[in-house]
Amino acid sequence: QVQLVESGGGLVQAGGSLKLSCVASGRTFRRYRMGWFRQAPGKERDIVASINQSGGSMYYGNSVKGRFTISRDNAMNTVYLQMNNLRPEDTADYYCAASLRLGVLAGDFDYWGQGTQVTVSS
């Protein structure tokens, strides 16, 4: 019901900032909870952040609390991830996802983008 396309990844120095965008194609974007996940080589896919339908409630993984901010613009069918104070351990492929369920884990999300790579150099 929704197609997701991420953008904004790239190479950044430790301590720097990067903003990711995810644009949804469809007419039901406002019905979905949205999330950002990341996966490093040889690692499991972990939650980064999620946001409810209205954009008024956010959840963050412990490793990014205080550094990352998730937001959404329902009029533009877009969800964002502002990443500040980046660390080399943040290096991963970042994925945008959509869910009609209440959970925040990867298994709770139904639709996924293709990902965008973020590399943080030391």
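Provided above is the structure to which this section pertains.
Right, let's walk through the structure included here. (Residues numbered from 1 in each chain as written. Predicted model: local features only at pLDDT ≥ 70, side-chain atom pairs only at ≥ 80, totals over all residues. Heavy atoms only, no water.)

## A short note on the overall build of the protein
A tally of helices and strands in the protein yields zero helices and 11 strands. Reading the secondary structure of the protein in the N-to-C direction produces β-β-β-β-β-β-β-β-β-β-β. Dimensions along the principal axes, computed over C-alpha positions, put the protein at roughly 40 × 25 × 25 Å. Every one of the 122 residues in the protein was classed for burial, and the buried ones make up 41%. Of the charged side chains in the protein, 13 are positive and 9 negative, and the gap between their average positions amounts to 6 Å. (Helix = DSSP H or I, 4+ residues; strand = E, 2+ residues; numbered from the N terminus. Buried < 20%, exposed > 50% of the residue type's maximum accessible area, 1.4 Å probe, protein only. Lys, Arg positive; Asp, Glu negative; His and termini not counted. Charge placed at Lys NZ, Arg CZ, Asp CG, Glu CD.)

## Some remarks on the state of the cysteines
Using the criterion set out here, one finds one disulfide in the structure. Through a disulfide, Cys22 is tied to Cys96; the S-S separation comes to 2.1 Å. In this structure the cystine formed by Cys22 and Cys96 twists about its S-S bond by roughly -80°; its chirality is therefore left-handed. One end of the pair, Cys22, is in strand E3 (residues 18-25); the other, Cys96, is in strand E9 (residues 92-99), and 74 residues separate them in sequence. (Disulfide = S-S within 2.5 Å.)

## A word on the pairing of E3
As paired elements, strand E1 (residues 3-7) and E3 share five bridges and run antiparallel to each other. Residue Ser7 lies in a different strand from E3, and its bridge partner there is Ser21. The pairing of E3 with strand E8 (residues 78-83) spans six bridges and is antiparallel. Pairing of Cys22 across the sheet is with Val79, part of E8. (Pairing = 2+ DSSP bridges.)

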